Amino acid sequence: VLVRIERQIVGLSDPSSKPEKPPELSWYDYAVMLLQIGASIEHALMVQYLYAAYSMRDDHPKAKKWRKVMLTIAREEMGHLLTVQNILTLLGGPFNLDRGDYPWDVPFEACPFRLEPLTKGSLACYVYAEMPPGEEIKNKLKGIKTTAEKHIRDTSPHRRTEAHVGHVGTLYDYVIKILGDREKVPDICFKDSEIGQFSWDEWGRNYRGDKDSRPDPNDGPRANVLIRKVATREEALIALAELSEQGEGLVAIEKGLGDTDILRSLGPNIPKFADSLTHFTRFHEMYEELSKLSPKEFSWNVPANPTTDRSVHHDAKGVTADGRTKIQNERSLRWAALFNLRYRMLLAWLAHALTLVRREPSRSSHLCGQIVHRVFGEMYNIKAIAEMLVRMPLTDNPQDDRKAGPPFEMPFRTPLPPRDRDVWEIHKASLAAVRNIYPDLLKGEHTKVKDASGEEIANPAIAYLKAMKHADHDADQWIDGILVGLP
Amino acid sequence: MTIKKIVILPPLAFARFGSHPEPVASYTLEDPSPDEPLGHRKIKPEPTLIVSQTGDILREDAEPEIHFKEKDKVRPVAPFFELWAELNDGRFVHLTEKELKKQDAHVEWCVEVANRKVFRRTRSKSDIVSASTDWFGNHDLQELHGKCRNFVAGGFVKFGTVRYIQPNPQHPQIRLRFTPGAGLIYGTKFTGKDKKPTIKEPFLNDERRVYKSSGGWLGWQHDNGNEDHTEETEKKARERNDIETIPPSLFAIDPPAPPWLNENKAVSRGYLDDACDGFVQARIMVGDKPLKINGKDLTAKARIGVAPPHYAPNSLFVRNLIDDLEQAYAGRDIKGNSRERALDIVRRAFETVRYMNVAVMNGNPFKGRNALELDTMPAEEAFGTERPLRPVFEPTGADTRTIAALHQRAYTALKSGSGGWFAKLLRQPEQAGDLSDEGRRKMPALMCSAESLYLALTRRQISAIKHLDSPEPAEPWLPYPINAEQLQELRPRNRSAELMYKPLGNPLSSHPIVAISNCCPGLEFDFRAVWRRLLVGITLVEWDNLVVEAEGKFEDLRGRRLLKIDDEDVLAKVTGPRPSDPTKPLPLICDQYPDGVVTMEWSNSFARFLHKRSRCVTCTFSAEKWGPLQAYPETSKEQRKLKVQELEIRDFFEDGSLVVSEELAEPGELTQGLCSPWQNDFRECSCYYWASARPDYVNVEPGPDGTSRGQNWMQKDRAHDYIADDYRDSRLVLYDDLFNAWEEVLEFQVNGKDYEPG
């Protein structure tokens, strides 16, 4: 899908200028396509931020703080991802949970997708990605672009000639311009309904859904998970502006508005975020602090783009020709496979929820609500396994102190089959797949391990696997119950 | 052997009603098997002491399976209290008679209990029912006959019996057993002139009609049924200390429906029960004189409470009495890694969820019925705040098995050593009045607190979840009660181990770990009452900041309201979402919260000051006396009118022990706020008060449409699907069914299902 999309936009001029489109697409098609790209970019950013967050050591006070900031921003990206799906629903377009694996790049991406520990270079990419266009000329921000481009050149050998970095907001700026123009996308393209959309109610959990929320003095930063339902063109435009603003701040939005009557009249309606709450400001504050430290102090020694792919050749360091790093330690490899499997389950539950919420009338809304909880259950697994992988060896070489890291490899499918029964069977098949790898996972674990203080304790990995197995068994029974009731 | 000090253990035990002649056998709980870690805790039978007719221990038995009820008779919980001693040589031992005899010494016991439930309503001292043994050293059965000035001649309530167990060579240690009453209802004796009740009362035989009809309890109404509740009459009622319990009424009324279905009239049917609380005391005698150490009699004390059965014996509630007692003893902060504690709290959370019909408790409409008709926290909130009912969570996701599964996934992730992420999900005590969607969705959700709002954990529990990743070594923590050997090992380092001690022969249901502590009003204790006299010189209402009694030089504080202690708020703001913009808070002003504030529950409120280095606190009181609940004034002019007074904080525990001080609560005071009779608690306090002790949703299975299926614990016929709680639906156990045959109609729940041994 993404390769096809990429083809459609090849050759476009600078996206920040007046919108242009490929001649074979209508503006409506083009807006839907761009929103799908937007969804995949949000997904990719979320995963990159999560990887960077998990790579941060929990025994370093600064790293602990940065980790919280990264996780907070990743949660906010989840809100963006869901809001984009809502806008797609309003336009009658398909939802999109796809994203490429490394190496992968699409137009409008801010920087090449790369899972990597947080360094000055990678953070420069994120700061620049979330920076309002035009700000880079300011004195204090001048060096960031150079650092980001150098980082890309250093880390992506195949990109040495074109180390482009961009701003995430550019894409939304573009979509706003298209959707804000009635001549381009007529009213009939908007469904005038919130049916089929998710809201903060389902996904917000304990995070704020309110742009005015402030960090909780007891808990440090708190995510503002903005998940907006949209029933009209104007609401969609405001939601897009808000996403963009949460990333970059108002300055970018104000520049983007004004080309059409609709956009001009919406200007005063755009919610105002405090600068301190934007991703850009938060990343930039981190950047200033982090530049003074060596990554070894605050980061686990995890590789870039860890992979479970056994099929490709690699160099002496385990790095493949396309820049991925192979996890070679057998135990780490098993856990990385489990990680990928749970990530696949998460995406399947999420896709299922997005499918069911769009049904009209919603006869299965109770299932949809329950599936949302299943998505959260898998998020807990992803977090738990990621935190284990960043401590597990990458290779069998005792001299090699590199750690494995969560691979976040995309599953072979994200769309679901149309028949309900088949979808539930997919969930069952994933549970069966996990069940099949439990024995090997368990076999590879020592009964006792040493804790941080050197004291011998029961291996928590075993307790975790057993609890996971039990919870999966319960989920399997639940699905069996549902299958009984399906035609 | 020289005795330095004697100690009765446990410092607090619960006896529980039942009319079966044999007490329930001893058991404890253990974690589920490692292969099914998310399953139910296992009931583990332990040695049971079989006491002969003459009062010695015949043998130790271990039932392979615990029988909680046989032939519709519940086996009572009859705990043992043991006498231990600290010796001069540093040892801490369970005393034997033989050792005492070597010193020509012997033990005497005294037990004093009371039931002040009627007194709590009528405020007449003639309604305090109390019983006391004199000091005794023999091994005869001592009857605890509760008497009261308003009883007819010869009338008494059977609070149970106590017996100093006769030591023998196999069991030479000194112990006393408390056997509770059967869980009976006592009523009013009519004279020829009295109008007879229209309701049949087969559960009241002549022997149990003990209360004089002239005493006033029969037909009693709060404030004499005065419906003219103006500000002036309310003020006068407060001045008379005629302050209702919260929730109001909580006694058997005529007609048999809760007052809110009866135009808020609550006319007492004149019932009392055989619940009580009080003290067990021991002293060492030499000849006929008490043995003295440093000029003081060598005595010891423990608390006893008598309560209904623990109906879900292998579940523990998310906030139990040990949580509050431990906070009072050890403070609000956990030091060191607390992962194991946090895991246990999450386990208790899903144990609690399992017994709740989450869809109904969430405020969802049920089978087309308006959610306002169902007794739930969102409905309570709607009534209390005079606003429309709003489900707490997005309704489609509110399902018991699914929510339990989500908690289990969180538990699973924590098991891996994963960092904690959900501390910010917890409700802070100060957020009790935050009724925004975000506030109501904090954890624990859907449960009632001592403020009649949404429950918060203890500050210490919150601290445990916050510090689960701490790199510092863990503080000692005991998930289950310990035996004598463990106590002897732990006590020298950790005196609070006494709280977790469970004597040989006691079932777990006697231990405070199974007692609930989110008291509104409570089940075993109304633990709110323990805080009323914490500040020396004044007495507060158990649920409010009003000073109702003040001594000597503090007399001027009487009638004022406590607003701040050391600059910390005693009140919490009650806010809800602005109807025009739900993301913004709006102070909720209504009859229940006239100034948009509520008094924070005392346990978490006082936890901030109990461990201050200085025993003195600076208290700020309202300027007005006997006025309504008001927020702390905003203007400095008004603030200058407030009364500031230094007060001393009383010790929570008796000197050097884990016994809650008698100065805080006299016999009967920890049960006085509970229902009279206790059966009303089971009818009126729906499961959102204490789901693991009073289950709601049982025999739960996955249904064919993905939602949970099961039955209401209170429904008579298990063939039907869940029947929504309704005080008039005869398919459910109603008040008189409980009064008549509670033992028959209430089923114990093990592993989430009606328990059938074998």
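Quick caveat, the model's predicted, so the values are computed rather than measured. (Residues numbered from 1 in each chain as written. Chains lettered and ligands numbered in written order. Predicted model: local features only at pLDDT ≥ 70, side-chain atom pairs only at ≥ 80, totals over all residues. Heavy atoms only, no water.)

What about the overall build of chain A?
Each helix and strand counted, chain A has 16 helices and 4 strands in total. Taking all 487 residues of chain A together, 60% fall into the buried category. For chain A, the accessible area works out to roughly 19400 Å², and carbon and sulfur atoms hold 53% of it. (Helix = DSSP H or I, 4+ residues; strand = E, 2+ residues; numbered from the N terminus. Buried < 20%, exposed > 50% of the residue type's maximum accessible area, 1.4 Å probe, protein only. Areas by Shrake-Rupley, 256 points an atom, 1.4 Å probe, with all protein chains shown as cover.)

Topic: the overall build of chain B
When you go through chain B residue by residue, the secondary structure sums to 15 helices and 37 strands. Its C-alpha radius of gyration of 25 Å places chain B within 12% of the 27 Å reference for a compact globule of 758 residues. Each principal axis of the C-alpha atoms in chain B carries an extent, and together these give about 80 × 60 × 60 Å. Each of the 758 residues in chain B was classed as buried or not, and the buried ones make up 63%. Of the contacts made within chain B by residues no fewer than 6 positions apart, 71% connect residues no fewer than 24 positions apart. When the accessible surface of chain B is summed, it comes to about 28200 Å², and 48% of that surface belongs to carbon and sulfur atoms. Taken as two groups, the 103 positive and 115 negative side-chain charges of chain B have centres that lie 2 Å from each other. (Rg over C-alpha atoms; globule rule 2.2 N^0.38 Å. Contact = heavy atoms within 4.5 Å. Lys, Arg positive; Asp, Glu negative; His and termini not counted. Charge placed at Lys NZ, Arg CZ, Asp CG, Glu CD.)

Considerations on the environment of I152(A)
Residues and elements named next belong to chain A. Inspection of the secondary structure puts I152 in helix 5 (residues 142–155). Taking relative accessible area as the criterion, I152 reaches 2% and is therefore assigned buried. Sequence-wise, I152 and P460 are 308 residues apart; in three dimensions their C-alpha atoms are separated by 38 Å.

Quick notes on the sheet that holds strand 27 (residues 568–569) of chain B
Residues and elements named next belong to chain B. An order of 27-26-32-33 is seen for the 4 strands of this open sheet, with the pairing classed as antiparallel. Both outer strands of the open sheet, strand 27 and strand 33 (643–648), are each paired with one neighbouring strand and no more. Across 3 bridges, the pairing between strand 26 (residues 562–565) and strand 32 (residues 616–621) is antiparallel. If you follow I565 over to strand 32, its bridge partner there is C619. (Pairing = 2+ DSSP bridges.)

Some details on unusual backbone geometry
All names here are of chain B. Look at the link from I246 to P247: it is a cis peptide, with omega at -5 degrees. When you line up the elements, P247 lands in the loop between helix 3 (231–239) and strand 18 (272–273). Along the chain, M443 connects to P444 via a cis peptide bond; the corresponding omega equals -5 degrees. Following the sequence through the fold, P444 ends up in the loop between helix 9 (437–440) and helix 10 (459–466). Phi is positive for R123, close to 60 degrees, though the residue is something other than glycine.

Points about the side chain of D725(B)
Inspection of the secondary structure puts D725(B) in the loop between strand 35 (708–712) and helix 15 (735–745). There is a polar contact of 2.3 Å between the side chain of D725(B) and the side chain of R683(B). (Polar contact = N/O pair within 3.5 Å; in protein donor to acceptor, adjacent residues only side chain to side chain.)

Here we look at the interface of chain A and chain B
Tallying the contact residues gives 47 residues for chain A and 43 residues for chain B. Carbon and sulfur atoms make up 56% of the area that chain A and chain B hide from each other, which totals about 3900 Å². Here chain A and chain B share 4 salt bridges between them. A salt bridge links D474(A) to R401(B); the nearest nitrogen and oxygen atoms lie 2.9 Å apart. (Buried area = accessible area lost by both parts, 1.4 Å probe. Salt bridge = Lys/Arg side-chain N within 4 Å of Asp/Glu carboxyl O.)

Regarding the side chain of T395(A)
All names here are of chain A. Its location among the elements puts T395 in the loop between helix 14 (365–389) and helix 15 (420–443). Residue class for T395 comes out buried when judged on its relative accessible area of 9%. For T395, the side chain forms a polar contact with the main-chain nitrogen of N397, separated by 3.3 Å. Reaching out from T395, the side chain makes a polar contact with the side chain of D400 at a distance of 3.0 Å.

Points about the pairing of strand 15 (residues 175–180) of chain B
Residue and element names in this part refer to chain B. A large share of strand 15 lies buried, amounting to 5 of its 6 residues. Two strands pair when backbone bridges link them, and strand 9 (residues 80–87) and strand 15 are joined in this way by 3 bridges, in the antiparallel orientation. Bridge pairing links E82 to R175 in strand 15. Pairing of strand 14 (residues 157–164) with strand 15, which is carried by 5 bridges, proceeds in the antiparallel orientation. Note that in strand 15 the partner of R163 across the bridge is R177.

Thoughts on the sheet that holds strand 16 (residues 185–189) of chain B
All names here are of chain B. The 3 strands are arranged 17-16-18 in an open sheet whose pairing can be described as mixed. The open sheet has two edge strands with one neighbour each: strand 17 (209–212) and strand 18. Two strands pair when backbone bridges link them, and strand 16 and strand 18 are joined in this way by 2 bridges, in the antiparallel orientation. Residue pairing in the sheet places I185 in a bridge with D273 of strand 18.

Re the pattern of salt bridges
All names here are of chain B. Summed over all chains, the structure comprises 98 salt bridges over all chains. Residue R608 pairs with E430 through a salt bridge whose shortest N-O separation is 3.8 Å. Placement of the pair is R608 in the loop between helix 12 (602–606) and strand 32 and E430 in the loop between helix 8 (400–415) and helix 9, with a sequence separation of 178 residues. When its relative accessible area of 8% is taken as the criterion, R608 is described as buried. By relative accessible area, which is 36% here, E430 ends up partly exposed. Connected through shared salt-bridge partners, R41, D323, D344, R348 and E351 make up one network.

A look at the nonpolar core
Judged by nonpolar contacts, the single largest core of 338 residues is most densely connected at W335(A), W109(B) and F652(B). If one sorts the elements of this core by residue count, helix 2 (residues 27–54) of chain A sits on top with 20 residues. Listed in part, the 8 residues of the second largest apolar core include L204(B), Y727(B), Y735(B) and F739(B). (Core = buried A, V, L, I, M, F, W, Y, C linked by side-chain atoms within 4.5 Å.)

A look at the environment of E99(B)
With respect to the element layout, E99(B) can be found in helix 1 (residues 97–102). In sequence terms E99(B) and T2(B) are 97 residues apart; their C-alpha atoms lie 10.0 Å from each other.

Some details on helix 7 (residues 377–385) of chain B
All names here are of chain B. Where burial is concerned, most of helix 7 is hidden: 7 out of the 9 residues are buried. Buried within helix 7 we find M377, P378, A379, E381, A382, G384 and T385. Count one or two residues on from helix 7 and you reach E386, which has phi positive near 55 degrees.

By themselves, these observations are geometric and do not establish any function.
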